[in-house]
Amino acid sequence: MQEPLYISWKEWNCRSDCRYYCMIRREQELRKLGLRPVKYHGKWPFIRISAFQEPVSAALSAMNLFVQFNGWLTFFFLLYYKLPLRPQTSRTYYEYTGLWHIYGFLSMNAWFWSAIFHSRDFELSEKLHCSSTVALIGYSLILTILRTFSVKNGASRVMVSAPLLAFLTTHILYLNFCELDYGLNMKVSVAMGVAQILLWGAWAFVTHHPSSFKLCTVLIGGSLGMLLDYYDFPPYKGYFDAHALWHAITIPLTFLWWSFIKDDAEFQTTTITKKMM
Ligand SMILES: [Zn+2]
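On a predicted model such as this, the values are computed, not experimentally measured, just so you know.

1. Section: the overall build of the protein chain
Here is step 1: Assigned secondary structure in the protein chain consists of nine helices and zero strands.
Here is step 2: Taken from N to C terminus, the helices and strands of the protein chain fall in the order α-α-α-α-α-α-α-α-α.
Here is step 3: The dimensions of the protein chain, computed from C-alpha atoms along their principal axes, are 75 × 40 × 35 Å.
Here is step 4: With 277 residues in all, the protein chain has 23% of them scored as buried.
Here is step 5: For the protein chain, contacts bridging at least 24 residues in sequence account for 71% of all contacts bridging at least 6.

And the structure:
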């Protein structure tokens, strides 16, 4: 029998439904015996809401997407409508505007695919989620290096970014067309994440930036979140696991992060325009 289109689109079919109900029944039996939940195909047994496989993580990903959009939009308005622009070119005085625009786009892209992946995990959504997340982490590392070392010259920026971009492209191609190796991807992501935390931490310490408090809060929160994801407890009442908690924590952190970026833009613009007077 032909299944309705919305079911096949979401890939809820006879086989996956059967797996789901079998898992739920087994979990009920384990609970009666007083045993802890176990993972099925590497995933905790989440209770579905409608067609959503991990409803809490999916909703929190959508909220993260909104917070990222709001952060980027207020950044855009601050730079183009509130702060002064260069008289001849109408460009911003802040030298990292374009880089943060790309960051905003990659963040929104990553949270969009995270929301889709947590709604329904199938091969394509998994690959797009993995690729867009590692692309964001890799790009953030490039941006961290450029900002913390104040690399302003175009040629130097290309020289710094090219090897990292080449590595990142190879890694993403490998994940998509050779093997979706979780262990490897985790190592690459953690290494790039830790490098950024250390660089920003050292930068905040050396520069005494007026908003280093916000930056340090994000760094500490981000580090704790990474540990939480590693600790990985099973879903409370079938809904709220360590990963969902991590997605909840990133909402205030993202708010604070964009606030730091906007402070940085304002601080830099004021410094440059004061020098010109
Ligand atoms: Zn997630």
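2. So, the UniProt feature "transmembrane region" (unreviewed entry) in the protein chain
Here is step 1: When the UniProt feature table is mapped onto this chain numbering, "transmembrane region" (unreviewed entry) sits at residues 58–81, 93–116, 128–146, 158–177, 189–206, 213–231 and 243–261.
Here is step 2: Within the segment residues 128–146, helix and strand shares are 100% and 0% respectively, and the terminal C-alpha atoms sit 27 Å apart.
Here is step 3: For the annotated span residues 189–206, helix accounts for 100% and strand for 0% of the residues, and the straight-line distance between the end C-alpha atoms is 26 Å.

3. Describing the environment of F75
Here is step 1: Structurally, F75 is set in helix α3 (residues 55–82).
Here is step 2: By the C-beta count within 10 Å, which is 21 here, F75 ends up buried.
Here is step 3: Sequence separation between F75 and L224 is 149 residues, and the spatial gap between their C-alpha atoms is 27 Å.
Here is step 4: Setting aside chain neighbours within four positions, we find F75 in contact with W100, W258, I261 and K262.

Parameters at a glance
Residues numbered from 1 in each chain as written. Predicted model: local features only at pLDDT ≥ 70, side-chain atom pairs only at ≥ 80, totals over all residues. Helix = DSSP H or I, 4+ residues; strand = E, 2+ residues; numbered from the N terminus. Buried ≥ 20, exposed ≤ 12 C-beta atoms within 10 Å, placed from the backbone. Contact = placed C-beta atoms within 7 Å. UniProt positions renumbered as here; feature names shortened; annotations may be inferred.

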